[in-house]
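Now for the letters of each chain:
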Amino acid sequence: MSKKLIKKLHVMRDLTDINLELEPLKALADRELASIYGLTGMVYTPHIDAYMQVCLKKSEALACLKVQGYLPLSEVEIITTALDMLHKGARNNTVFEYQGNEYKRRYSPLKLSKSGKNVQKWAKFWLLQLPNGKVDPNWEREVREIWPSYFLIRTIEM
């Protein structure tokens, strides 16, 4: 069997190591993001890129630990699955009530065409709305932690 087909199983220590790796990168990425806010065009963002790569590694470890039964599915994952089943064709920014809370369907570009002008694939996720109409920041943080690849835009290689 090819080594490429065998995925390494994660242990809880991997998650601790990844969290330690994320801490300094988060501060650098936030500072870098603040410095480029409002700029347009191609911007070199090594700290944000490094932070996102470690976020992807953490997401993979979390998913692996959940599949192995070491960690339970989060409330975000359970509610997202239920809402996806109930509202398959929901449009962007549509709000639905579920178990007394309101959830907003969001789409973000996941893959762009080579020219970057057309979206080839969309990421779909749900955000919990607070009574004041704003998005719950803790819910959004958890969505970004579980599915960080939803917030990276890639071009399709032709």
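Further up the page is the structure itself.
These numbers come from a predicted model, not from an experiment. (Residues numbered from 1 in each chain as written. Predicted model: local features only at pLDDT ≥ 70, side-chain atom pairs only at ≥ 80, totals over all residues. Heavy atoms only, no water.)

1. Let's talk about the nonpolar core
For step 1, the next point in the chain: Val76, Ile79, Leu83, Tyr98, Tyr103, Trp139 and Val143 are the most contacted members of the largest nonpolar core, which totals 15 residues.
For step 2, the next point in the chain: Taken together, the elements giving at least two residues each to this core come down to α3 (75–86), β3 (119–129) and α4 (137–146).
For step 3, the next point in the chain: For leucine 83, the contacting residues outside a window of four places in its chain are Tyr98, Tyr103 and Trp126.
For step 4, the next point in the chain: Of all hydrophobic cores here, the second largest spans 11 residues; its members include Leu22, Ala29, Tyr51 and Leu152. (Core = buried A, V, L, I, M, F, W, Y, C linked by side-chain atoms within 4.5 Å. Buried < 20%, exposed > 50% of the residue type's maximum accessible area, 1.4 Å probe, protein only. Helix = DSSP H or I, 4+ residues; strand = E, 2+ residues; numbered from the N terminus. Contact = heavy atoms within 4.5 Å.)

2. Digging into the layout of surface pockets
For step 1, the next point in the chain: In this structure, the second largest pocket occupies an estimated 150 Å³ of space.
For step 2, the next point in the chain: Looking at the second largest pocket, the residues that line it are Ser59, Glu60, Leu62, Ala63, Lys66, Leu73, Glu77, Glu145, Ile146 and Trp147.
For step 3, the next point in the chain: Breaking the lining of the second largest pocket down by element, the ones donating at least two residues are α2 (46–67) and α4.
For step 4, the next point in the chain: Considering every element that reaches the lining of the second largest pocket, the biggest residue donor is α2, with five residues.
For step 5, the next point in the chain: Of the residues that constitute the lining of the second largest pocket, the class distribution is five nonpolar, one polar and four charged. (1 Å grid on protein atoms, 1.4 Å probe; cavity = no way out; pocket = protein on both sides within 12 Å on 5 of 7 lines; lining within 4 Å. Points joined across faces, edges and corners; volume = space filled by probe spheres on them. Nonpolar A, V, L, I, M, F, W, Y, C, P; charged D, E, K, R; others polar.)

3. Things to note about the packing of aromatic side chains
For step 1, the next point in the chain: Applying the stated criterion across every chain yields a total of five aromatic pairs.
For step 2, the next point in the chain: Ring geometry for tyrosine 103 and tryptophan 139: centres 5.4 Å apart, planes at 55°, overall tilted. Of this pair, tyrosine 103 sits in strand β2 (residues 101–112) while tryptophan 139 is found in helix α4, placing the two residues 36 residues apart along the sequence.
For step 3, the next point in the chain: A relative accessible area of 6% places tryptophan 139 in the buried class.
For step 4, the next point in the chain: The rings of Tyr98, Tyr103 and Trp139 are connected pair by pair, giving a single aromatic cluster.
For step 5, the next point in the chain: In this structure, arginine 105 packs its charged tip against the face of tyrosine 107, placed 5.5 Å from the ring centre. (Phe/Tyr/Trp six-rings, centres within 6.5 Å; stacked < 30°, edge-to-face > 60°. Lys NZ or Arg CZ within 6 Å of the ring centre and 35° of its normal.)

4. Structural notes on the packing of α3 against α4
For step 1, the next point in the chain: It is the contact of α3 with α4, at a shortest axis distance of 10 Å, that shows an interaxial angle of 85°. Compared by their axis directions, α3 and α4 come out roughly perpendicular. Each of Glu75, Val76, Glu77 and Ile79 in α3 lies in contact with α4, whose residues at this interface are Trp139, Glu142, Val143 and Ile146. (Axes fitted to C-alpha atoms, helices over the stretch in contact; angles between N-to-C directions. Parallel < 35°, antiparallel > 145°, perpendicular 65-115°, else oblique.)

5. Digging into unusual backbone geometry
For step 1, the next point in the chain: For asparagine 93, which is not a glycine, the phi torsion comes out positive at approximately 70°.
For step 2, the next point in the chain: Take asparagine 93: it is sitting in the loop between α3 and β1 (95–98).
For step 3, the next point in the chain: On the basis of relative accessible area, asparagine 93 is assigned to the partly exposed category, the value being 38%.
For step 4, the next point in the chain: The phi angle at glutamine 99 is positive, at roughly 50°, despite the residue not being glycine.
For step 5, the next point in the chain: Relative to the elements of secondary structure, glutamine 99 occurs in the loop between β1 and β2.
For step 6, the next point in the chain: For glutamine 99, a relative accessible area of 63% translates into the label exposed.

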